[in-house]
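Structural characterization, general
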Amino acid sequence: MVIGESALGRGNLELAREAFHRALKIQPEERRPKALLKEIYIREDRYSLAAPLAYELGELGLGDLLKSFHKDQKPFAVDSTREQVAVRFKDFVPYPIIETELSGGIKARFMIDTGSTYVILSPRLANKAQMELFRKEKETGTMGSYWIQFGKIHSMNIGGATIRNVPAVVHSLLAIPRTGLEIDGILGENFLSHFLPTFDLRGRWKSGPKFFILRFSKEDPLSSFKSLSLSNGRIRAIPFLIGPAQTLVVQGKINNSMPLLFLLDTGTPGYFICSPLVAKLSKVWLEQNFFSDQSGPYIHHKSGQSIDMHWGLGTSQSPLELGLANQLEIMGERIRGILQGGVGSLPMDMSGNLGFWTGGMIGFGFFYDQVSTIDYKNQTIYFFIPDQRASQHK
């Protein structure tokens, strides 16, 4: 299993597949190698091989979805004469949101989330789009039990290009902190990994538009950079691992901490989320109630909306508390300034689900003021950093 999971993280699907097959020969009833073997077949779009494993694992809705794809029906089939499309962000603080059009001309706002395994639609949007639905499944996690329903979106129009046969999940989005934003769905990893997605967020504080670029061929990872005629900057290539559930994993640091593994999650607002332990080791400053009896030095006193607040060095006792770091790093690529994040219990048992311990999540703030392309084929993120990149991040 160790060989298989290591190979899966590095993108060597053939070696991982062989390792999981050997594990199942030794322990035929073991669930984890079956689950990871199913994931490999889904990544390869070999749904006919993934469906029986889903049924064996009791994932009946997912099995029905995978089985529904016949030989001539390709998932994420693109109907476009263009090599790429560019869509203006409707919002990019705190979440990257674009507008799409689903079957029947239904307009919807989707958040681009590298931390979500699937495309997700709210129940309201799923009903309006008349998507094909399959059996419901009960999921259990650290946050409790909940129901999801797998389905298939017949078509999705993004920037004038039509993408057909999109596997998706119907689930409530009420748990997302909206901050006043309208969010109808999520574009997750199963969608993004089929293309070359690029975030063009140069000049974040300037009034000009910011764009999400979707390139349909994955052969030339720098093609989107070339189409933008970028100059006066540098390109940095940073490798990443793909963990179970298609999560992006990078090596990073908060302030001058030891190197840790983080999920790279564009659905995380701000710059980071970490546990109280990592916050303490990394010397992250916390925003606390000035009138509380928590101990810790009073570093900076400020006024909140209705109560006085102060910055204290220590750990959070609330479910999620605002924190400040002055530096964030991924494999030597650093951003500095006033970097807002969250400190508290992580939203899921990531260590148990991933098979390794993580320091938390690096959020969408790391993408600000630069152009970034996620190359899933070679498991590399390319950053173009303009020479005049802002030194302060607010």
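Thresholds applied
Residues numbered from 1 in each chain as written. Predicted model: local features only at pLDDT ≥ 70, side-chain atom pairs only at ≥ 80, totals over all residues. Heavy atoms only, no water. Helix = DSSP H or I, 4+ residues; strand = E, 2+ residues; numbered from the N terminus. Buried < 20%, exposed > 50% of the residue type's maximum accessible area, 1.4 Å probe, protein only. Contact = heavy atoms within 4.5 Å. Areas by Shrake-Rupley, 256 points an atom, 1.4 Å probe, with all protein chains shown as cover. Pairing = 2+ DSSP bridges. Axes fitted to C-alpha atoms, helices over the stretch in contact; angles between N-to-C directions. Polar contact = N/O pair within 3.5 Å; in protein donor to acceptor, adjacent residues only side chain to side chain. pLDDT = per-residue confidence, 0-100. Phe/Tyr/Trp six-rings, centres within 6.5 Å; stacked < 30°, edge-to-face > 60°. Salt bridge = Lys/Arg side-chain N within 4 Å of Asp/Glu carboxyl O. Patch = residues over 30% accessible without salt bridge, like charges linked within 9 Å, V, L, I, M, F, W, Y side chains within 5 Å.

Re the overall build of the protein chain
Regarding its fold elements, the protein chain presents 10 helices and 24 strands. Relative to its full complement of 394 residues, the protein chain shows a buried share of 53%. In the protein chain, the share of contacts with a sequence separation of at least 24, taken over all contacts with a separation of at least 6, comes to 64%. Total accessible area on the protein chain stands at roughly 18300 Å², and carbon and sulfur atoms take up 52% of it.

A few points about the sheet that holds strand β12 (residues 233-239)
Across the sheet, 6 strands lie side by side as β2-β11-β10-β23-β24-β12; this open sheet has antiparallel pairing. Edge positions in the sheet fall to β2 (84-88) and β12, since each of these pairs with one other strand and no more. Put simply, the sheet's adjacent strands are angled 15° from each other on average, direction ignored. Of the strand pairs in this sheet, strand β10 (residues 196-200) and strand β23 (residues 371-375) are connected by 3 bridges, and their pairing is antiparallel. Residue D200 lies in a different strand from β23, and its bridge partner there is V371.

Concerning helix α1 (residues 2-10)
Of all the positions in α1, only G4, A7, L8 and G9 are classed as buried. Residues of α1 that are buried sit in contact with α2 (13-26), α3 (31-43) and β13 (241-243). G11 sits one or two residues past α1 and shows a positive phi near 90°.

A short note on the side chain of E329
Along the chain, the position of E329 falls in strand β20 (residues 320-330). Given a relative accessible area of 9%, E329 falls into the buried group. One polar contact links the side chain of E329 to the main-chain amide nitrogen of G332, over a distance of 3.2 Å.

Side note on the confidence of the model for the protein chain
Predicted confidence across the protein chain gives a mean pLDDT of 85, with 85% of residues reaching 70 or more. Scored below 50 in pLDDT, residues 289-318 makes 63 contacts in the model with residues more than four places away or belonging to other chains. Contacts from residues 389-394, a stretch scored under 50 in pLDDT, to residues over four places away or in other chains number 25 contacts.

Describing helix α5 (residues 60-67)
Burial of α5 is extensive: 6 of the 8 residues sit out of reach of the surface. For α5, the set of buried residues is G61, L62, G63, D64, L65 and L66.

What about the pairing of strand β8 (residues 161-170)?
Of all 10 residues that make up β8, 9 are buried, and the element is covered over most of its length. Inspection of the sheet shows strand β5 (residues 119-121) paired to β8 by 3 bridges, in the parallel sense. Each bridged residue has a counterpart across the sheet, and for V119 the counterpart in β8 is A168.

As for the packing of aromatic side chains
Summed over the entire model, instances satisfying the criterion amount to 17 aromatic pairs. Ring geometry for F191 and F195: centres 5.2 Å apart, planes at 55°, overall tilted. Overall, F191 belongs to the buried group, its relative accessible area being 0%. When the centroid spacing of 5.7 Å and the interplanar angle of 25° are considered together, the rings of F364 and F367 count as stacked. This pair shows no difference in class: F364 is buried, exactly as F367 is.

Some thoughts on the environment of P52
One can find P52 in helix α4 (residues 47-56). In sequence terms P52 and K67 are 15 residues apart; their C-alpha atoms lie 8.5 Å from each other.

A short note on the pattern of salt bridges
Taken as a whole and judged by the stated rule, the model has 19 salt bridges. Between E59 and K38 there is a salt bridge; the shortest N-O distance is 2.6 Å. Here the residue E59 occupies a position in the loop between α4 and α5, and K38 occupies one in helix α3, the gap between them amounting to 21 residues. By the burial criterion, E59 is buried, and K38 matches it. Ionic contacts of the salt-bridge type, sharing partners, join the residues R17, E44 and R46 into one network.

Looking at the side chain of T268
Note that T268 resides in the loop between β15 (260-264) and β16 (272-274). A polar side-chain atom of T268 sits 2.8 Å from a polar atom in the side chain of D265. With residues near it in sequence (within four places) discarded, T268 still touches I273, M361, G363 and F364.

Observations regarding a nonpolar patch on the surface
Taken together, the side chains of M258, L277, L281 and W357 make up a nonpolar region of the molecular surface, amounting to roughly 460 Å² of accessible area. Its place among the elements puts L277 in helix α9 (residues 276-282).

Some thoughts on the pairing of strand β21 (residues 333-344)
As paired elements, β16 and β21 share 2 bridges and run parallel to each other. Paired with C274 across the two strands is V343, which belongs to β21. Taking the residues that link successive antiparallel strands as the turn, the β20-β21 hairpin has 2 residues, and the phi of M331 there is positive, at about 50°.

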